[in-house]
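# What the coordinates show
Spelled out from the first residue to the last, the chains are:
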Amino acid sequence: MTNGRTFSFLGPNSAFLNVSMNRTQVMADGTPINAWTFGSGFNNDRSVPSPVIEGIEGQVVTVTLDSMMPHSIHLHGLDVDQANDGVPSTSGYVAQMAMGGFGRVEGYTNLGTPFNYSFVAPHAGTYAYHCHVDTVLHFEMGMYGTVIIRPPDGSTNVAWAGGPAFDKEYIWHLHTFDSSWHQGGGSVSGPGTVRHRPDYFMINGRDGANTLTDPTTAIAAAAGERVLIRTNNMGYQPGLVRLGGLEFQVIASDGRPLPATIVRTELLVAPGERYDLLLQMPPATDRTATVEYYDIRLGGVLGTASTSIQGGDAGGTIFNDDFESGDLSAWSGSVGG
Amino acid sequence: MDRRDFIKQSTLTAAAFGLSGLTNLVARDAHAAAVDVSFAAEGVFKNMVDGASIFTWRFRDLNGFGPGDLSSGLVVMEGDAVDITVYNDLDRPINLEIPGVLEGTPAVAPTGSHTYSFTAPSAGSYFYHDNVNGEIGRAMGLAGPLIVMPADGSNRLYAGGPAFDRQYTLVLHELDDRLNSAVAAGGTYDMSNYEPNYFFVNGLSYPNTAGDGDTLVAMNVGDDVALRFVNTGVITNPMHFHGYHVDVATRNRVPETTVITKDSVLVNIGECVDVMLACNQPGAYPLHTHYVPGVTANGVYVNPYGGALIVMSAS
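Analysis parameters
- Residues numbered from 1 in each chain as written.
- Chains lettered and ligands numbered in written order.
- Predicted model: local features only at pLDDT ≥ 70, side-chain atom pairs only at ≥ 80, totals over all residues.
- Buried ≥ 20, exposed ≤ 12 C-beta atoms within 10 Å, placed from the backbone.
- Helix = DSSP H or I, 4+ residues; strand = E, 2+ residues; numbered from the N terminus.
- Pairing = 2+ DSSP bridges.
- Contact = placed C-beta atoms within 7 Å.
- Nonpolar A, V, L, I, M, F, W, Y, C, P; charged D, E, K, R; others polar.
- Core = buried A, V, L, I, M, F, W, Y, C linked by C-beta atoms within 7 Å.
- Axes fitted to C-alpha atoms, helices over the stretch in contact; angles between N-to-C directions.

What follows concerns the pairing of strand E3 (residues 53-56) of chain A. All names here are of chain A. Across the two faces of E3 the burial is the same, with Ile53 and Gly55 and Glu54 and Ile56 all buried. In this sheet, strand E10 (residues 144-150) lies alongside E3 in parallel orientation, the contact comprising four bridges. Bridged to Ile56 within E10 is Arg150.

Bringing the interface of chain B and chain A into the picture now. With 44 residues of chain B in contact, the opposing surface of chain A contributes 42 residues. Mapped onto the side of chain B that touches chain A, the elements with two or more residues apiece are strand E12 (237-241), strand E15 (261-262), strand E16 (264-267), strand E18 (283-289), strand E20 (300-301) and strand E21 (309-314) of chain B. Considering every element that reaches the side of chain B that touches chain A, the biggest residue donor is E18 of chain B, with four residues. Looking at the side of chain B that touches chain A, its residues break down into 20 nonpolar, 18 polar and six charged.

Residues Val147 and Val227 of chain A together with Val148, Leu170, Leu227, Phe229 and Val275 of chain B are the most contacted members of the largest nonpolar core, which totals 177 residues. Contacts of Val148 of chain B, omitting those with residues within four sequence positions, involve Val76, Met77, Glu78, Ala120, Pro121, Ser122, Ala123, Gly124 and Tyr126 of chain B.

Bringing the sheet that holds strand E4 (residues 81-88) of chain B into the picture now. Residues and elements named next belong to chain B. Taking strand neighbours across the sheet as the criterion, the four strands line up as E2-E1-E4-E5 in an open arrangement whose pairing is mixed. The strands lining the two open edges of the sheet, one partner per strand, are strand E2 (53-61) and strand E5 (113-119). The sheet shows a mean angle of 20° between the axes of neighbouring strands, direction not considered. Summarising the sheet, strand E1 (residues 34-47) and E4 pair through eight bridges and their orientation is parallel. Bridged to Ala34 within E4 is Ala81.

Here it is, written out as structure tokens:
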């Protein structure tokens, strides 16, 4: 992969997204799940998540939505202005009719007429986008993706201007499906969309054995290489990320550098959060990384997505900071402490 | 005195208190005051935003109220001598505890009363709740916010801490109507089956959150606004800000030093998280849990009503 990317992307600075509501995601057990997606899906080879959009810090980014059904794009974490926020009651979107709402100031386009969202790209880092129309359902159906903002010089091997460099770059889009919500082509509503009981646990749209070998997720790097993992929780359950016991640096969250890099062996990524992890590949590595999805009471693991970390043939070093593994029962909601 | 008049009076009191936010203050006239309040612990049918009527519990302040639709809530100053007398009108024993301040307190039998006394601790965000009934007490609504302001009278989260122009207390909780039905019938509920279907900020669901002066976050560009998340419920709440990043100032009153600048802030079960928002653009933006089922009222998302979504409006 050029420039260390292990995924394809749209951009920089412009992306055109159509919508499909009749995609099918085939799960590892063979079950076909109806999914709704933007564009041609992640890496053009699967329905969910939606494509990665890239922009360059300080430059104008335009995302165009073309849809024959009411949908929007919320630019999650990008702190765009109200007009471009993608919330139907306040912002612009593709709609059948104008909707009232709090402080509505901007218009909409009719079905089939593209709507342009634009914003000045903020601090380099990891962000997200998703549909904000009837979000509880549209988000679950798969209308979400990752946004990466590159440093002002456009470089793709540095986390931000003056920040850590990396050799390889992965996105781990964390999400789940409650398959009952996908039945009838997304016609479930009301009490059917309040108690979320996921039965598929994914990274980058792959579950079960497929996650272990998915090249967009499974880490392959030489010893000493610095691997950036952009975690992006676009599900409804917190995900506890472990790299098979390997220590990793946490360098940023929600598009902002941490005041000081910290070292962990596990990290809870809550819905809507992004954390950027930096792994320096140790020698002779063969590990299984896991994302345990917890219920919203952190009372128990609902399911796990697993992938592999392999390589590290010779000469690498590992972080040697002392670190005591955390205890989720005492989780403070912070990676500090 | 009606509610709005009380707010006006409270705001005046707040001004004298050196606090320009909209959190209601207990009436007081001196530093290290004696604060005496009485709470009735009682059952009440609460109207959900979708019209459902659900049996809940509450601590009702006999002389006041809390933010939003909450029927109690306290703002005091460090060092205040606080007496809370609880009258138990429920069908089972309860108590009043304040995590980190007042724990392991005596229970009050039905029809009984007890006065819980404490000295207001270090400035920060706290909550009180019944702990005899464990999680069921909080899930039924028997909880409220306790905000302690610095003894120096400053508009800061704590002495020497971040200063603010406005502050809002945002109490997060939720309910599972199956639990409420079981309790209304005099029974109990297996909390391992708890799956909430109504979600609140200050006891309100959207759009009522946007019509309430304590819960609509009104700002001017340039303001530093303190938002105090107080999770009295029994689920985690990943709160996502549109339009702004915020700085996480404290978690359970401990200054945050590790992960500070965020657009999505996890507020854990029983946790108080104070964040600072530097308002840098005008507009109307939602602030909501990203456990998006929590933005619904029993699965109905926002249009025409929903759950734990509030509006921030900046001009």
